[in-house]
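Tertiary structure, described
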Amino acid sequence: MVDAYFVGIAILTIGTSIVALESKELIYGAIALAISMLGIAGFFLLLDAQFVAMFQITVYVGAVAVLVIFTVMLVRTQDLFSTKDDKGRKVGGIILALVTLGGVGAIFLVSGITNPMFGNLDSDPIDIKEIGKSMLTYYSPALIVLGLTLAGAVIGALALARREGLLKENESIN
Amino acid sequence: MDFLSTPLLVTVILGSVGLAIPIIDSLRKERGAGNKLYSVISVGAIILILGIISIRLFSGEPIPTIEFGKGMLADDMFGAFFAISLLIVSVMVTASSWNYMKNKTNPAAYYSLILLSSIGMILIAYSTDLVMLLVAWELMSIPTYALAAFSKRDPISNEAAIKYFLFGALSSAILVVAIGLVYGITGTTNIGQAIISMVNVQQDLVPITLLAVALFIAGFGFKMGLVPFHMWLPDAYEGAPTPIGALLAAGTKKAGFAAAIRVIVLAVFVLHLDWSMTLAIIAVFTMTLGNLGALVQKSVPRILAYSSIAQAGYIMIGLSLAPYSDQALGGSLFHIINHAVMKSAAFIAVAAVAITLASYSIEKYRGLARRMPLTAIALSISLLALAGVPPLNGFWSKLVLFNSAIVTGPEVWWGPYLAIAGVLNSALSLGYYAWIMRKMYMEEGPDMTRVKEPRAISAVLIFAMIFMVGFGIWHAPILDFATNSVPNLSQLVSVLPSVPIK
Amino acid sequence: MNQLIDFVIISIALFSIGIYGLVVKRNAIRMIFSIEIIANAANLNLVAFSRHVHNVEGQVFALFSIAIAAAEVAVALGIIIIAYRLYKQIDVHEFRSLKG
């Protein structure tokens, strides 16, 4: 059985992620996406993963969602986002989503993880110190590489967003 | 942690050079210039790494074929093989960018991103932990998203970049799901430990294992360009700046195969999943659709993109037959290094034409043999090698692959058909390759004046021609290197504890 | 008490919503939303399994995955800003048809 917090957060998360895709105005969609990410952070709290929940809020809600909202406001003009969805495509998408939900859900439901022995979440929560320790020992090479990844993203984004007015470009050769 | 192990040396050296280039650029007074300087620095750094890895290989120090150690990175032959193939691609790309990036904006970021992406590709081949694999996968992908969009005035390039990003991000999200499932079943992210625990997994968790393997195939399949996941590929390879097309087709695609061999092939083999047939069907569809798609194209980079889909199909032959044949995986690796050189040579020759004649259209290639003789001959040789014409290197790797399909034995009744499909596809591909060559050699264009060929690109093309012809005539060393880098699957089983022998 | 399977089902539901968005929507920003929803579903899956398996690796992996998603979005929005400068709109409908 699930408790009331779980039901509340589940409805919030799934509802807002549908709103994020279906809202008429893109900006409301972006805000709904941010709320959906907050809902995921709530799930993390239910799973006793406070550190990951904090990280989710700071990075996803604090950085990603805000970045998305700024971009949406930056590129906003009156008639840009009034696209109607293709009816046939929409039906196909709903069918595909239901098939995914049913198929993957069925795989999980027939498997052993529905067994209450397996799905036992009552053990003591993981100590945050352990996360820090493993980050600095076993995972340290991945941490270095992650640093390079972020540096690559920053260099790439800066190179893309920079305006060049001064240099002549003859780039479009098609 | 051993700071002198090859993967960490690669990370530290290429990473610090890659990050130093934008810093040098911001200190210089002239904005946007310095293309030549950065090109030389990056080529130098890559050649230094190539030298270090070669010295390690030839020093006689025993290197394990494939390792699943306790750490996140192994220092083994398998990784070294991929590192050398991928570094050859990066050195060709950076050297030819000497000409391509002339008078273009932001050279510093361009070279820095290529170096960072190369680190990611190499670390994929070395990683023995799924977390490392994912982080390296992103280090490879994120810079290439930016590089694909580098021609900012070109709408086609931008559209290609958006499409490439969407499919790339989807593939990494699918990989996170797959890794999550593996972790949930086995409780570890180390590839070796995960495979061992999967063997002893409870019977009722097997469906989740299968779902995880399928998601891995989908996630890696997007980068490898296998058929249900290939729709983004022609647009991205065509729209990206042409040297970046070479990096994508010859580099990131091969890194996808490295990951697939590390994860899927070993898992399928150890778990005794009978997925060979599925992988073989994917292989046949991939090569057939790739070749058929290439037949109707008008733009040369697009033809090359479709042909690289087809080549992924040939490489998949070896992956699908890996459990049954000793030489299949060796053949795949042999074809991977050959394809890396052939495809980057072809793309770089196209870049030379794009720089001088400002067009990708096949019509501009009429009479190219007289206008740009060196480029024309290099393009022809790489196309012939791609088709698998005898004295060239592509012939030998296809021979090994098709041969391994024939000699698999009675257990794989469809093996010979796979070989027949491969041969028929090679014949089909010769059709459009010959068409390009006919345009270059037999037809005359409106303008037949000799054009000056870009120097750095010519040097790269000469190197590639020597590689293709030289290792075509004397293919033994590379074939030995490839077969020595392949994990011996039957020994792998004897190492792992309590595996049910079929 | 909540079971592991409850969290997994929520994760699958979010995953399906993301797939729906990727198939139906033709607006580049909406498609990025879909990918973010899928990434969130994957992270939820990971942390739930980590709670069950009871070791630290799942949470560490979730941290890596969140950081990576942020890096991806930064580059993606860079590309979209260029698209906006080029087209003054970001609708994939206006692009060339999906060939191949």
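Treat the numbers as computed from the prediction; the structure is a model and nothing was measured.

In terms of helices and strands, chain B carries 20 helices and 0 strands. Rg of the C-alpha trace for chain B: 22 Å, near the compact-globule value of 23 Å for 502 residues, within the 12% margin. Across its three principal axes, chain B shows a C-alpha extent of roughly 70 × 55 × 45 Å. For chain B, the residues scored as buried account for 70% of the 502 residues in total. Considering only contacts within chain B whose residues lie at least 6 apart along the sequence, 80% involve residues at least 24 apart. Between the centroid of the 29 positive side chains of chain B and the centroid of its 23 negative side chains there is a distance of 12 Å.

Right, let's talk about the overall build of chain A for a bit. Within chain A, the secondary structure is distributed over 6 helices and 0 strands. Written out in order from the N terminus, the α and β elements of chain A read α-α-α-α-α-α. For chain A, the share of sequence-separated contacts (at least 6 apart) that also reach a separation of at least 24 residues comes to 54%. Of the roughly 9,300 Å² that chain A leaves accessible, carbon and sulfur atoms contribute 70%.

The next point concerns the interface of chain C and chain B. Each side of the interface is counted separately: chain C has 37 residues, and chain B has 40 residues. Summed over both partners, the interface of chain C with chain B buries about 3,500 Å², with 74% contributed by carbon and sulfur atoms. Counting the contacts that link chain C with chain B gives 0 salt bridges. Here chain C and chain B share 6 residue pairs in polar contact (both at pLDDT 80 or more) between them. Elements with a minimum of two residues in the side of chain C that touches chain B: helix 1 (4-24), helix 2 (28-53) and helix 3 (57-87) of chain C. Per-element tally for the side of chain C that touches chain B: the top contributor is helix 3 of chain C, with 15 residues. Here the residues of the side of chain C that touches chain B sort into 25 nonpolar, 8 polar and 4 charged.

Let us now look at the pattern of salt bridges. Residues and elements named next belong to chain B. Within the structure shown, the criterion is met by 16 salt bridges over all chains. For glutamate 159, the salt bridge is made with lysine 163, and the minimal N-O distance between the two is 3.5 Å. In this pair, glutamate 159 and lysine 163 both sit in helix 6 (residues 155-186), 4 residues apart, roughly one turn of the helix. For the pair shown, glutamate 159 and lysine 163 are each scored as buried. The network of salt bridges with common partners includes Glu159, Lys163, Asp235, Glu238 and Arg302.

On to the confidence of the model for chain B, then. Residue and element names in this part refer to chain B. When pLDDT is averaged across chain B, the result is 86; 96% of the residues are at 70 or more. The least confident element of chain B is helix 20 (residues 489-495), whose mean pLDDT is 60; the most confident is helix 5 (residues 130-148), at 93. In the predicted structure, residues 496-502 sits below a pLDDT of 50 and forms 13 contacts with residues beyond four places in sequence or in another chain. Across the assembled chains, the prediction reports ipTM 0.89 with pTM 0.91.

Further remarks concern the nonpolar core. Most often, soluble globular proteins have nonpolar side chains that are buried together. Ranked by size, the top nonpolar core spans 309 residues in total, and within it A:Phe108, B:Ile53, B:Phe82, B:Phe216 and B:Phe220 carry the most contacts. Take this core: its biggest share by element is 20 residues, from helix 13 (residues 326-357) of chain B. Excluding its chain neighbours within four sequence positions, the residues that come into contact with B:Phe220 are B:Leu133, B:Trp137, B:Leu175, B:Gly256, B:Ala259, B:Ala260, B:Val263 and B:Ile264.

As a further point, take the interface of chain C and chain A. In this complex, chain C contributes 71 residues to the contact, which on the side of chain A involves 85 residues. Summed over both sides, the interface of chain C with chain A buries roughly 7,300 Å², with 74% coming from carbon and sulfur. In this assembly, chain C and chain A are joined by 2 salt bridges. In this structure, C:Arg51 and A:Asp48 form a salt bridge, with 2.9 Å as the shortest nitrogen-oxygen distance. Our enumeration of links across chain C and chain A arrives at 11 residue pairs in polar contact (both at pLDDT 80 or more). Broken down by secondary-structure element, the contributors of at least two residues to the side of chain C that touches chain A are helix 1, helix 2 and helix 3 of chain C.

A few words now on the domain arrangement of chain A. Structurally, chain A comprises domain 1 (1-82), domain 2 (86-113) and domain 3 (122-174). Domain 1 of chain A and domain 2 of chain A are separated by 22 Å when their C-alpha centres are compared.

Residues and elements named next belong to chain B. Where helix 1 (residues 6-27) meets helix 2 (residues 35-58), the axes come as close as 11 Å, and the angle between the chain directions of the two elements is 170 degrees. Looking at the two axes, helix 1 sits roughly antiparallel to helix 2. Within the contact between the two elements, helix 1 uses Thr6, Leu9, Val10, Ile13, Leu14, Val17, Ile21, Ile24 and Asp25 and helix 2 uses Tyr38, Ile41, Ser42, Ala45, Ile46, Leu48, Ile49, Ile52, Ile53 and Arg56. Here the residues of the contact of helix 1 with helix 2 sort into 15 nonpolar, 2 polar and 2 charged.

Conventions and cut-offs
Residues numbered from 1 in each chain as written. Chains lettered and ligands numbered in written order. Predicted model: local features only at pLDDT ≥ 70, side-chain atom pairs only at ≥ 80, totals over all residues. Heavy atoms only, no water. Helix = DSSP H or I, 4+ residues; strand = E, 2+ residues; numbered from the N terminus. Rg over C-alpha atoms; globule rule 2.2 N^0.38 Å. Buried < 20%, exposed > 50% of the residue type's maximum accessible area, 1.4 Å probe, protein only. Contact = heavy atoms within 4.5 Å. Lys, Arg positive; Asp, Glu negative; His and termini not counted. Charge placed at Lys NZ, Arg CZ, Asp CG, Glu CD. Areas by Shrake-Rupley, 256 points an atom, 1.4 Å probe, with all protein chains shown as cover. Buried area = accessible area lost by both parts, 1.4 Å probe. Salt bridge = Lys/Arg side-chain N within 4 Å of Asp/Glu carboxyl O. Polar contact = N/O pair within 3.5 Å; in protein donor to acceptor, adjacent residues only side chain to side chain. Nonpolar A, V, L, I, M, F, W, Y, C, P; charged D, E, K, R; others polar. pLDDT = per-residue confidence, 0-100. Core = buried A, V, L, I, M, F, W, Y, C linked by side-chain atoms within 4.5 Å. Domains from an automatic or database assignment. Axes fitted to C-alpha atoms, helices over the stretch in contact; angles between N-to-C directions. Parallel < 35°, antiparallel > 145°, perpendicular 65-115°, else oblique.

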